[in-house]
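A structural walkthrough
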Amino acid sequence: MLLGLVIVIALAVTGVWNPFPGVWDWVDRSEPISEPDVLWQQRVGGTPKSVTIVGDTVVVEQRTRTEVRSLATGAPLWERKADWSAVAGGDRDAVVAVGKLLVKGYELLDPTTGAVRRRDGDAVAVWTYRNMLLDARCVAATDCTLSAWDPRGTRPLWTAFLPGVSSGLFADNPGLLGTRRLTAQRIDEGVAGPESVPPLLGFPVDGRVHVVDTATGRVVQDVEPGRDERLSVVGGRLLKIRAVSVDGSCQYTVSARDPATGQEVWRRSGFNLRTADSAGCAQREDPQGARSVLIGVAPDGREAVLDGYDGRLLLVDAEGEKLLAVDDRYALVRSADKESVIARELGTGRARWTRPAGAKAGAALTPYAAVLTGDKPNRLVAVDPRTGRELVVLRTSANALAVGPNGMVVGEGREIGYVRFGAGAGAPPPAAPPAGSDGGDGSGPGRTGGAPEPEDSCGPKRELCANGNG
């Protein structure tokens, strides 16, 4: 045996015959990530931090590098050393922004080839959206410029002055004052990919909030919150959320102001947006919600969904029901008996579909599919968010990492795989709305969208025009 091993090593060293790569491939061979099997399965260089489907590619962000693979085959296309990366743009105009922590500047790369499309050496922070990219650069601690770009543009659409940026605003997509999404185990928070830029963004700077109109770059409000207040920018409104301790409990008041005039446009009392903890009602969190809607607890203890623009109640759960996911079209709710998930249309409360689900089911809504998780046995299910029609059902313990128009990427550890929608399930799901649309017919509740068209800078509900008619 020893003589045979010596002969094999000698053959390998001389290049005559080397069996070791094949042996290692056999030892390191991966088990299928799901049943039925995915279209392709690959092992990436490190545990993914985020995964995004971009056109015909899959962008995989890792701790120290970003690699891009073919959506059709999973084959590697290119990779780049980077501490962070983020995708801006849609399928036809996407770019991959990459940079290093604590180092100014970033590069925009073509997702298919990895070629540099634009390079910046001064920006300290970047925000990526489906129809816009924003960056901030500072020549001094109190002298910063915010710039907006088309994802593949070479000249800024507009620039705005900010008196500094928060010390926490660096790298990609640092937190602004908006909403925080509901999350679910085994579904990545960024599973839906980049969204369209909201009509207004709230930048925290030195204890104040600077509200920027993303259509023009104009700073429409510069507000300092009161002692018991938290400010948030949702649905084209500046929200003031007040929480005070009375008789051992927190009492809440939410008011929304028109950013152009500063006038109050709606107010609700007793509505808990879950911004405060029990320690003296200190508000340390953004309100829960998505796009232009807010999630909270009504005075009677039931969960409810509010339109951030006009304060309408879009949905009030029945007693015992639990909100799992929401966007500005639908809400996914776990039934009171914890045996099913119900999709309800916001504004009417009408049930669109119902399907069995366990007490620990999780859910997320994306433009292309509603994703549901299950355990005992483990499942990942994607359905049409409008009809509940099954797009794919996987028996897997993997996580849902990214959803695209025709399928989704799932992953476990360093293994990722792509599964197509619609195999044996009828027609493919509906296409996502174009950037700047609300995902519906334009008349539904809670409309959001991207930057308004150049000829109309009033916002998707004309919320930026003082007289409401442009």
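Residues numbered from 1 in each chain as written. Predicted model: local features only at pLDDT ≥ 70, side-chain atom pairs only at ≥ 80, totals over all residues. Heavy atoms only, no water.

1. Structural notes on the overall build of the chain
Summing up its helical and strand segments, the chain has two helices and 36 strands in all. Burial status across the chain gives 50% buried among its 470 residues. For the chain, long-range pairs separated by at least 24 residues make up 46% of all intrachain contacts whose partners lie at least 6 apart in sequence. Of the roughly 21500 Å² that the chain leaves accessible, carbon and sulfur atoms contribute 50%. (Helix = DSSP H or I, 4+ residues; strand = E, 2+ residues; numbered from the N terminus. Buried < 20%, exposed > 50% of the residue type's maximum accessible area, 1.4 Å probe, protein only. Contact = heavy atoms within 4.5 Å. Areas by Shrake-Rupley, 256 points an atom, 1.4 Å probe, with all protein chains shown as cover.)

2. What about the side chain of Ser232?
With respect to the helices and strands, Ser232 occurs in strand 18 (residues 229-234). Among the polar contacts listed, one links the side chain of Ser232 to the backbone oxygen of Gly178, at a separation of 2.7 Å. (Polar contact = N/O pair within 3.5 Å; in protein donor to acceptor, adjacent residues only side chain to side chain.)

3. Let's talk about the sheet that holds strand 7 (residues 95-99)
On the basis of which strands lie adjacent, the open sheet formed by four strands has the order 6-7-8-9 and antiparallel pairing. Where the open sheet ends on each side, the last strands, each with one partner, are strand 6 (84-88) and strand 9 (116-120). With direction set aside, neighbouring strand axes in the sheet form an average angle of 20 degrees. Where strand 7 and strand 8 (residues 106-109) come together, three bridges link them in antiparallel fashion. (Pairing = 2+ DSSP bridges. Axes fitted to C-alpha atoms, helices over the stretch in contact; angles between N-to-C directions.)

4. Observations concerning the pairing of strand 11 (residues 133-140)
Judged by how many residues are buried, strand 11 sits mostly within the fold: six of eight residues are covered. Pairing analysis gives four bridges linking strand 10 (residues 125-128) to strand 11, with the strands arranged antiparallel. If you follow Val126 over to strand 11, its bridge partner there is Asp135. Turn length for the strand 10-strand 11 hairpin, with the two strands adjacent in sequence and antiparallel, is four residues. Pairing of strand 11 with strand 12 (residues 143-149) involves seven bridges; the strand directions are antiparallel. Bridge pairing links Cys138 to Cys144 in strand 12.

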